[in-house]
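Chain and residue survey
So the chains spell out like this:
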Amino acid sequence: MIEKRRITGMLLTGAVYLAAALCLAVLVGIIGYVVIKGLPAISWKLITSVPSVTKGTQGILPFLLNTLYMILLTLLIVLPIGVGAAVYLNEYASNKKLIRVIEFTTETLAGIPSILYGLVGYLVFCQKLGLQTSLLSGCLTLTIMTLPTIIRTTQESLKTVPTSYREGALGLGATKWHIVRTIVLPCSLDGIVTGCILAAGRVVGESAALLFTAGTGKLVAKSLLAAYSRSGASLAVALYLYVFEEGNFQVGYAIALVLLVLVTAINLAAKWARKALKQKT
Amino acid sequence: MKQEAILTSGPQLGTKQAPERQVLLQKRSAGRVLKDAMEKIMNALFFACGMAAVACVLLITVYIFSAGLPAIRQIGLSDFLLGRVWKSTAAEPSYGILPFILTSVYGTVGACVIGVPVGVLTAVFLSKMAPPRLAAVVSAAVELLAGIPSVVYGLIGMLVLVPAVADVFRLSSGACLLAAILVLAVMILPSMISVAVTALNAVPPEYEQASLALGATPVETYFKVSLTAARSGIAAGIVLGIGRAVGEAMAVMMVAGNVANMPGIFTSVTFLTTAIAKEMSYASGLQRQALFSIGLVLFLFIMAINAVLNLVLKGGRDDD
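Residues numbered from 1 in each chain as written. Chains lettered and ligands numbered in written order. Predicted model: local features only at pLDDT ≥ 70, side-chain atom pairs only at ≥ 80, totals over all residues.

A tally of regular secondary structure across chain A gives 13 helices and zero strands. Written out in order from the N terminus, the α and β elements of chain A read α-α-α-α-α-α-α-α-α-α-α-α-α. With respect to the three principal axes, the spread of C-alpha positions in chain A is 70 × 70 × 35 Å. The buried share among the 281 residues of chain A stands at 49%. Within chain A, contacts between residues at least 6 apart in sequence are counted, and of these 75% link residues at least 24 apart. (Helix = DSSP H or I, 4+ residues; strand = E, 2+ residues; numbered from the N terminus. Buried ≥ 20, exposed ≤ 12 C-beta atoms within 10 Å, placed from the backbone. Contact = placed C-beta atoms within 7 Å.)

This is the structure we're talking about:
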C-alpha cells in the first residue's frame, strides 16, 4: 500500500516535471529554429529595401512600415474609447445590470476568433463604408479586436486606486470629471500603458483579420494619407504570403525572426511598464 | 456642497451688497454653469465609450447573421449543415459543410486530448511544485508562447512538423489533421495554463494544510485536494483553450492540407476557419455567401463555448 503510494507519487512528480520541461522545450525549439534559420536570411539590406519583381530586389520595409502605421492608428482610436469605457465602468456607472452587460460583451469580444473579425471588418468597413481593402479598414477592424484588452487592463488598474483619494478630492469640492482627470487617470497610468503595449502586441501578431481588410499590398506609400488609403500587408500577413503562397522561405524566416524580436520586446516592455509605473504612484 | 450653498444664496445676498460683488457672483455662477455642462458632456462621453463594446458585439452579430442567412436559405439548412460534399467551384456546385464541422470538432478534441494534460500538469508545477527560480523561467516561457504570432506557429508547423509527420508515418504528405492537432495543442497551452495557475493559486491554503495534516503527501494533496478545489477555474481554462482552437485560422491553414475531405487522422482536411480563409479572396456569388454562412456557424460555435464558459465560472462561484 505504502509502496504503491510512493510509486504513484513519484510518477505524478515525474509527469509534472515532464510537462513543464515540454513547455520549455517547445519554446526553446521554436525560438531556436527561427533564430538559426532567420539569422542567415536577414540583413540590413533586406530590412531597408522594397520588394520589386522588375528590379529583382527583396525587402521587408513596406511590411515593417505598414505594421508601424497600423499600431499607431489603432492605438490612437482604441485608446480613448477603451480608457473611457473602463472609466465609465469603474467611476460613473451605477446600474449593476448595465455594468454586467458591458463586461459580458467585452468578454464576448475577446473570445471572437480573428477570422470572424476579418469577415465583419470586410463587410462593414471595406464594403458598407466604402473604404476598400486599405490599412484604414484594417486599423478599424483591429480597433474592435483590441478594445477588450485596453478596457480590461485599464479597469484592473483603476480598481487599485484607493477610494480615499476620490473621497478626499470630493470632500475638497472637486467635480467627478476633475477627479478622473487629475487623480484617477494619472494613478492608473501603469494599466493604460500596459494595455497599449499588449494591444500593440496583438496588432503585430494578427494575420487572419487583416488578410481581407488590409489586404496584401507590397508598396511603400509616398505620404501618410496614401498609406492608410491603400492596401498593405503587415509583417504577419507578409510572412503568410511569402511562405504559404509563394514558397519563398528565406524571406519568411527573416520576417519570422523580426516578428519574434518584436513580440519579445513587447512582452518585456509590458512587464517593465507594469512594474516601473506602478512604483511611482 | 458648501460652494453650492453660497452660490444659490448669492442673488439674494447680492441685492444688499456692492455691485462689484454681484458681478463677481455672476461670474462665478457662470463658471459653475460651464462646469456643470462639462460634467454632463463628460458623463455622456464616458457613457458612449462604455457602450462601444456593446455596440460592437451588436454590429458583429447583426452582420454575421444578415450575411450568413441568405445562402443557408438558398441551399437549405440540412443540405448545408449535413451535406458531405463541398464543391464550391464545380459546374454543379455543392455546399455541404459537414466535413468542416467534423474536422473542427475532431481537431479541437484532439488538441485538448494532448494539450489539457500537459497544460494542467504544467499549471500544478508552476503553482505548487516548482522552485521559485524555475517557476519564473517556465512562466516567462509560457507568456512568450502566448505572444508568438500564429503565422510563426504555422511556419514552423509547415516546415518542421509536416515533414516530420510524413517521415514518421510514411505518408506522401504530412499536411493532415494530425499535424493541425499538434500545432493547436501547443497554441492552446498558454491561455489554459495561465487560467489554471490563477485558479490553483486561489485555493485556500487551509485545505492543503488540512490534507497534509491528515497524512497525505504533498503530491497527493496537490492532485486530490488542490486540483479538486480549483476544478471550476481549470475547466474555465480548458473551455478558453477550446475557443482558441476552434477559432484558429492561419496556423491551421498552413499545416492541414486544406482539402474538403471528411476528417481522418492522416487525411488532408479543412477546418471551418480555413474554409473561409482559403476561398474568400476569389469567391463570388453564392459561393461567397456560403462562406459567410460558414462564418455564422463558426460564430454560433463560439457563442455556445462562451455560454459554457460563463456557466462554468458561475458554477465555481456558487461552490465557494
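So much for the structure itself; the text now carries on.
Looking only at helices and strands, chain B features 14 helices and two strands. Here the C-alpha atoms of chain B give a radius of gyration of 29 Å, more than 25% beyond the 20 Å that 2.2 N^0.38 yields for 320 residues. In terms of overall dimensions, chain B has a C-alpha envelope of 100 × 70 × 35 Å along the principal axes. Expressed as a percentage of its 320 residues, the buried residues of chain B come to 45%. (Rg over C-alpha atoms; globule rule 2.2 N^0.38 Å.)

Take helix α3 (residues 19-75) of chain B next. All names here are of chain B. Helix length check: α3, at 57 residues, gives a terminal C-alpha distance of 82 Å against a target of 84 Å (1.5 Å per residue), a fit within 8%. At A52, α3 shows its maximal bend, which comes to roughly 35°. Positive backbone phi, at 100°, marks G76, one or two positions downstream of α3. (Expected span 1.5 Å × (residues − 1). Bend = angle between axes of the 7 residues up to and from the residue.)

Facing the 66 residues of chain B at the interface are 68 residues of chain A. It is α3 of chain B that provides the largest number of residues to the side of chain B that touches chain A, a total of 20 residues. Of the residues assigned to the side of chain B that touches chain A, the class counts are 50 nonpolar, twelve polar and four charged. (Nonpolar A, V, L, I, M, F, W, Y, C, P; charged D, E, K, R; others polar.)

The backbone phi angle of Q132 of chain A is positive, close to 60°, even though this residue is not glycine. When you line up the elements, Q132 of chain A lands in the loop between α5 (114-128) and α6 (135-159). One non-glycine residue with positive phi stands out, namely N258 of chain B, at about 65°. Relative to the helices and strands, N258 of chain B resides in the loop between α12 (250-255) and α13 (272-279).

Residue and element names in this part refer to chain A. Domain annotation of chain A identifies domain 1 (2-41) and domain 2 (46-280). For domain 1 and domain 2, the distance between their C-alpha centres works out to 33 Å. Contacts between the two partners involve seven residues from domain 1, matched on the other side by six residues from domain 2. Broken down by class, the residue content of the side of domain 1 that touches domain 2 amounts to five nonpolar, one polar and one charged. (Domains from an automatic or database assignment.)

Right, let's talk about the environment of C23 of chain A for a bit. By secondary structure assignment, the location of C23 of chain A is in helix α1 (residues 2-41). Since 24 C-beta atoms lie within 10 Å of it, C23 of chain A is described here as buried.

On to the nonpolar core. The nonpolar side chains of soluble globular proteins are, as a tendency, buried together. Core analysis: the biggest nonpolar cluster contains 196 residues, and L239, I255 and L259 of chain A together with A179, V183 and V255 of chain B have the highest contact counts within it. The contact partners of L239 of chain A, leaving out residues within four places of it in the chain, are G252, I255, A256 and L259 of chain A together with V151 and L155 of chain B. (Core = buried A, V, L, I, M, F, W, Y, C linked by C-beta atoms within 7 Å.)

We now examine the domain arrangement of chain B. Residue and element names in this part refer to chain B. Per the domain assignment, the segments of chain B are domain 1 (2-75) and domain 2 (82-319). Placing the centre of domain 1 and that of domain 2 at their C-alpha centroids yields a distance of 45 Å. Looking at the side of domain 1 that touches domain 2 residue by residue, the class counts come to seven nonpolar, two polar and no charged.

Let's shift gears to the packing of helix α3 (residues 61-92) of chain A against helix α9 (residues 189-205) of chain A. Residue and element names in this part refer to chain A. Where α3 meets α9, the axes come as close as 10 Å, and the angle between the chain directions of the two elements is 140°. Considering the angle they form, α3 stands oblique to α9. In this structure, α3 meets α9 at a crossing whose hand is right-handed. Facing α3, whose interface residues are T67, M70, I71, T74, L75, V78, L79, G82 and V83, α9 presents I192, G195, C196, A199, A200, V203 and V204. (Axes fitted to C-alpha atoms, helices over the stretch in contact; angles between N-to-C directions. Parallel < 35°, antiparallel > 145°, perpendicular 65-115°, else oblique. Left-handed = near helix turned anticlockwise from the far one by under 90°.)

A separate point is the confidence of the model for chain B. Looking at chain B, the pLDDT average stands at 88 and 92% of residues meet or exceed 70. Below pLDDT 50 for its whole length, residues 1-14 of chain B participates in nine contacts with residues either more than four positions away or in separate chains. (pLDDT = per-residue confidence, 0-100.)

Among the secondary structure elements, E39 of chain B is positioned in helix α3. Of the residues examined, E39 of chain B has 14 C-beta atoms within 10 Å and is grouped as partly exposed. Taking the C-alpha atoms as reference points, E39 of chain B and Q74 of chain B, separated by 35 residues in sequence, lie 53 Å from one another. Setting aside residues no more than four positions away along its own chain, E39 of chain B makes contact with T175, K176 and W177 of chain A.

On average, residues of chain A score 90 in pLDDT, and 99% of them reach the 70 mark or higher. Per-residue pLDDT, averaged within each element of chain A, yields its smallest value for helix α11 (residues 224-229) of chain A (82) and its largest for α3 of chain A (94).

What follows deals with the packing of α3 of chain A against α3 of chain B. For the pair α3 of chain A and α3 of chain B, the least separation of the axes is 7 Å and the interaxial angle reads 110°. The pairing of α3 of chain A with α3 of chain B is recorded here as roughly perpendicular in orientation. On α3 of chain B, the residues touching I81, G84, A85, V87, Y88, L89 and Y92 of chain A of α3 of chain A are N43, L45, F46, F47, C49, G50, A52 and A53 of chain B. Taken together, the residues of the contact of α3 of chain A with α3 of chain B break down into twelve nonpolar, three polar and no charged.

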